[in-house]
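Topology and contacts: notes
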Amino acid sequence: MNRHTDHIDTDTLAKYFLNCLPREEETAVQEHLCSCPECSARLEALRKLRGAMSDDSGQRRPGVLFRVLRSGWTKAAAAVIIVAGIGFLTARSVRDRSGIVEHSLNPGMENKDNILSVDTFDKADSAYYKEKYGEDFKL
């Protein structure tokens, strides 16, 4: 404190505001602030200045990593990586023919010219086509 004006000097008030004063000096400053409205007003101005310099909403901004993870670009990049990974794994499994087992319709005979077909025609299909084409439809 400045003994000439009986007010707290700016340096001491700033150190008090930042909690950097020794315990004895801090106690003296607290006693003076209780009895001096001018020094109390200067301390309140420091508090308002810190509030104005911080975020207007009073809430802390989320960290950089959190903001990056929440951004749309990150989601798009993750989707591209996932699709590329699935494509890579699928391509490897399609190229790898070691797990394929050949089955023979006629054991002992070669199957180069044989054609395998599966009949999936059922009664519901038969009724539909009979109704649509009439008597011209034959099984």
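Residues numbered from 1 in each chain as written. Predicted model: local features only at pLDDT ≥ 70, side-chain atom pairs only at ≥ 80, totals over all residues. Heavy atoms only, no water.

Quick look at the nonpolar core now. Ranked by size, the top nonpolar core spans ten residues in total: Ile8, Leu13, Tyr16, Phe17, Leu21, Val29, Leu33, Cys36, Cys39 and Leu43. Residue assignment for this core shows that the elements contributing at least two residues are α1 (10-17), α2 (23-35) and α3 (37-53). Broken down by element, the residue count for this core peaks at three residues, all from α1. Beyond its immediate sequence surroundings of up to four residues, leucine 13 is in contact with Ile8, Leu33, Cys39, Arg42, Leu43 and Leu46. (Core = buried A, V, L, I, M, F, W, Y, C linked by side-chain atoms within 4.5 Å. Buried < 20%, exposed > 50% of the residue type's maximum accessible area, 1.4 Å probe, protein only. Helix = DSSP H or I, 4+ residues; strand = E, 2+ residues; numbered from the N terminus. Contact = heavy atoms within 4.5 Å.)

This next bit is on the pattern of salt bridges. A complete count under the given rule lists two salt bridges for this structure. Residues lysine 15 and aspartate 11 are paired through a salt bridge, measuring 3.6 Å at the closest nitrogen-oxygen approach. Highlighted residues: lysine 15 and aspartate 11, both in helix α1, separated by four residues, approximately one helical turn. Residue classification places aspartate 11 among the partly exposed positions, given a relative accessible area of 47%. Across the pair glutamate 44 and arginine 47 runs a salt bridge whose closest N-O atoms are separated by 3.8 Å. Placement of both glutamate 44 and arginine 47 in helix α3 is noted, with a separation of three residues, approximately one turn of the helix. The class for arginine 47 is partly exposed, based on a relative accessible area of 42%. (Salt bridge = Lys/Arg side-chain N within 4 Å of Asp/Glu carboxyl O.)

In short, geometric facts, not functional conclusions.
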